[in-house]
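What follows is each chain in one-letter form.
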Amino acid sequence: MPIGPDSCPPAESVTVLLNGASVEIGGENPNVMLLEWLRDRGLPGAKEGCNQGDCGACTVAVSFRDATGADHWQSVCSCLLPLGSVAGRAVLTVEGLGGELHPIQSALVRHHGSQCGYCTPGIVMSMVEGCQRRDLGTLEDLEDQLAGNLCRCTGYNSIRDAALAALGVAHAGGGIIPAPKANLPTPSVGEPGKDRFFRPRELPDLFRILEQFPAARLVAGGTDLGREITTGFRRFECLVSLEHVGGLSDLSGTRDEWRIGASVTLTRLGEVLGGEFAELGGLLRRFGSRQIRNRATLGGNLVTASPVGDLAPWLLTMDARLVLASATGERELGIAAFFTGHRKTALRPAEVLQTIILPRHDGFRRQFHKVSRRRDLDISTLSACFALKLGAGNRVEELRIGCG
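Quick caveat, the model's predicted, so the values are computed rather than measured.

A. A look at unusual backbone geometry. For N51, which is not glycine, the phi dihedral falls at a positive 65°. Mapped onto the elements, N51 comes out in the loop between α1 (34–40) and β3 (59–65). In this structure, L377 is a non-glycine residue whose phi angle is positive, near 55°. Position of L377 among the secondary structure elements: in the loop between β16 (365–371) and β17 (382–390).

B. Geometry of the side chain of E351. By the secondary structure assignment, E351 is in the loop between β14 (344–345) and β15 (352–359). One polar contact links E351 to R331, side chain to side chain, over a distance of 2.8 Å.

C. Molecular detail of the pairing of strand β10 (residues 257–261). Within β10, four of the five residues are buried, leaving the element largely enclosed by the surrounding structure. In terms of strand pairing, strand β9 (residues 251–253) meets β10 through three bridges, oriented antiparallel. By the bridge assignment for β10, G253 is matched with W258. When β10 meets β15, the two strands line up antiparallel, connected through five bridges. When the bridges of β15 are listed, E257 appears paired with P359.

D. Up close: the packing of aromatic side chains. Evaluated as defined, the whole model comprises three aromatic pairs. Centroid distance F277 to W314: 5.7 Å. Interplanar angle 75°. Geometry classified as edge-to-face. Residue F277 is found in the loop between α8 (266–273) and α9 (278–285), and its partner W314 is found in helix α12 (residues 311–318); the two are separated by 37 residues along the sequence. The burial state of F277 is the same as that of W314; both residues are buried.

E. Just the pairing of strand β18 (residues 396–403), in detail. Bridge count for β17 against β18 is seven bridges, and the pairing is antiparallel. When the bridges of β18 are listed, L390 appears paired with V396. Counting the residues that bridge the hairpin from β17 to β18 gives five residues, and of these G393 lies at a positive phi of roughly 70°.

Calculation notes
Residues numbered from 1 in each chain as written. Predicted model: local features only at pLDDT ≥ 70, side-chain atom pairs only at ≥ 80, totals over all residues. Heavy atoms only, no water. Helix = DSSP H or I, 4+ residues; strand = E, 2+ residues; numbered from the N terminus. Polar contact = N/O pair within 3.5 Å; in protein donor to acceptor, adjacent residues only side chain to side chain. Buried < 20%, exposed > 50% of the residue type's maximum accessible area, 1.4 Å probe, protein only. Pairing = 2+ DSSP bridges. Phe/Tyr/Trp six-rings, centres within 6.5 Å; stacked < 30°, edge-to-face > 60°.

Shown next, in the form of structure tokens:
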């Protein structure tokens, strides 16, 4: 069935709630990143630094809805986020904190946490998310919240002290900015002959779009694709967001297995599975930054088939199974058969990764190791996961090793 007004009607107004005001973004070029759009609108608080998600100067807060239906702020790198991905959401920039100093900003002033000030707005917006979290129980947790924000001149002790002071105010009942509810967008198509950004809600809609636009690029979190646009200078005529496709963000477990939708973010993956799989929690601590994990997805990390993708070695030792879906049905494939080469997978044209299946209680003991030039926010020189199953007399029954 062709995509058209009767099969996939455009939203009457595709909007974003920007600092409390509804702003229409329909018809925008899909290659425009949120950072560029904000600065063009006269909101220069978010800075362009590295333009690839490493420095955190562009950090803003975007609303997301958790499994209970509650809305929260998440810090994200606006330089890597296609504008179409925030349709129907609330976006908060440092300008949206108001004319008076917010408690986070006041804490940075009191503790001398800002000198040149270039990085400061991004730090403030990372702490907007941090102040609403209740799981920052240790200094290590706080450092992980701020690991995606670099500062060249202030020194991190004063920033950490300011963050601790701001958290104290927030936990005492002040300084928390509630995220407003924002309606998710309906599917939309661009005007004929112009760039397009699709937001399908169901798999059949997704497959119909891919049938009409076979060259369309799929977007989940956008953390890899964003770099292709900002530093690789690639341009895409058609982008298709997977964020709102039914089932792709589901995460459920039985006694024997976990079923994880391909669009589940790494933040949520760690929150739900990190306690059960201790090595996964350690892996994710060194996987990018909080801003990156808030957007990056498990499926995206696999489909990019990058040899420095740190989740693949772990999933190989888990003997994970993948459910691949297309308009003609589903098929299941072991993860070892999914990767066919550098940046190549067994996905067929118009086929998508739908679900990752993980076994539970398989009797293996696992450890993950990562070697990189710095501890935080760096790609792997080598990543490896080792899984060992011992039998009677502590004899090795089975050994699995996954490397990247």
